[in-house]
Amino acid sequence: MIREERLNRLTEYARSKQYVSIDELISLLNVSKSTVHRDLAALEKLGVLVLSRGGALYNGSVNSAEPTYVEKNKSNTTEKDRIGKAAVSLIRPGGTAFIGAGTTARCMVPYLGGIPSFNLVTNDVLIAADCSDYTNVNVTVTGGQLRRNYYTLRGFAAENYISNMHIDVSFWGMDAVDPQNGCFIANADEVSLIQKVISISEKVVLLCDHSKFHNKAFMLVCPLDKISTIITDEDVAPSVLEMLRMQNLDIRLV
């Protein structure tokens, strides 16, 4: 395969995957590691890719604009469902769980009915509404200002309401997760509330499909040493898994 054909194939593969690792490219293109590095460097100069540790991002996926709720809800639905189902097993009967706003965390809702009575606190009005028919779930909503089109409550009233709570376990989706720097979201207004809940939680669980490890977002919420458990899907890149495991995190692949 001549270099031009190889670069075109690499570009199309990166466009379909959004993130590509060096190891998978060696196998895909049947070339050496040094050749892959040279090809990635060439495509970065052209603006096609952005290099990251262990691989590269397709440049179309690198932006700070937040997708709409509808767009988020349509992405990686199968993976999110598996993640949500696995997350429910970490809720202790009789305890208190905080489920943060977002489409991944909302995937826990269909599986909450099988847990003996527990307290649920949330700042997501859709999650609260979804749980209204469960007789085993005592639902508390934080209050606060509603974020238009995202169904999220935030602000001083929400933060003040939770200040005297004790949370056994809190569950969070993020817009982006950097294995070295931590968890990021696109909306700065929600950072303070999330940090507050994390500070009063005995256990903090991160819910993220594989794509979140290759996204970029605006605001740092917390470093990974604030996270107890990460639940993600089996398509997460091996290089990302290696970096996460080096930080002694409880990682669950579903």
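Here goes a summary of the coordinates provided. What you see is a predicted model; the values in this text were computed from it and never measured. (Residues numbered from 1 in each chain as written. Predicted model: local features only at pLDDT ≥ 70, side-chain atom pairs only at ≥ 80, totals over all residues. Heavy atoms only, no water.)

### Details of the packing of helix α2 (residues 22-29) against helix α3 (residues 33-45)
1) Next: One way to put it is that α2 packs onto α3 with a least axis distance of 9 Å and a crossing angle of 105°. Taken together, the axes of α2 and α3 are roughly perpendicular relative to one another. Facing I22, L25 and I26 of α2, the residues of α3 in contact are K33, V36, H37 and L40.
2) Next: For the contact of α2 with α3, the class distribution of residues is five nonpolar, one polar and one charged. (Axes fitted to C-alpha atoms, helices over the stretch in contact; angles between N-to-C directions. Helix = DSSP H or I, 4+ residues; strand = E, 2+ residues; numbered from the N terminus. Parallel < 35°, antiparallel > 145°, perpendicular 65-115°, else oblique. Contact = heavy atoms within 4.5 Å. Nonpolar A, V, L, I, M, F, W, Y, C, P; charged D, E, K, R; others polar.)

### What to know about the pairing of strand β2 (residues 49-52)
1) Next: Direction of pairing for β2 relative to strand β3 (residues 55-58): antiparallel, over a ladder of four bridges. Within β3, the residue paired with L51 across the bridge is A56.
2) Next: Between β2 and β3, which follow one another and run antiparallel, lie two residues, and G54 among them has a positive phi close to 85°. (Pairing = 2+ DSSP bridges.)

### So, the packing of aromatic side chains
1) Next: With the rule as written, the count across this model stands at two aromatic pairs.
2) Next: Taken together, a centroid distance of 5.0 Å and an interplanar angle of 80° make the contact between Y69 and Y151 edge-to-face. Of this pair, Y69 sits in helix α4 (residues 69-74) while Y151 sits in the loop between β7 (145-147) and β8 (152-154), placing them 82 residues apart in sequence.
3) Next: A relative accessible area of 9% places Y69 in the buried class.
4) Next: Take Y151: its relative accessible area is 32%, and that puts it in the partly exposed class.
5) Next: R147 extends its terminal NZ or CZ atom over the ring of Y150, reaching a point 3.9 Å from the ring centre. (Phe/Tyr/Trp six-rings, centres within 6.5 Å; stacked < 30°, edge-to-face > 60°. Buried < 20%, exposed > 50% of the residue type's maximum accessible area, 1.4 Å probe, protein only. Lys NZ or Arg CZ within 6 Å of the ring centre and 35° of its normal.)

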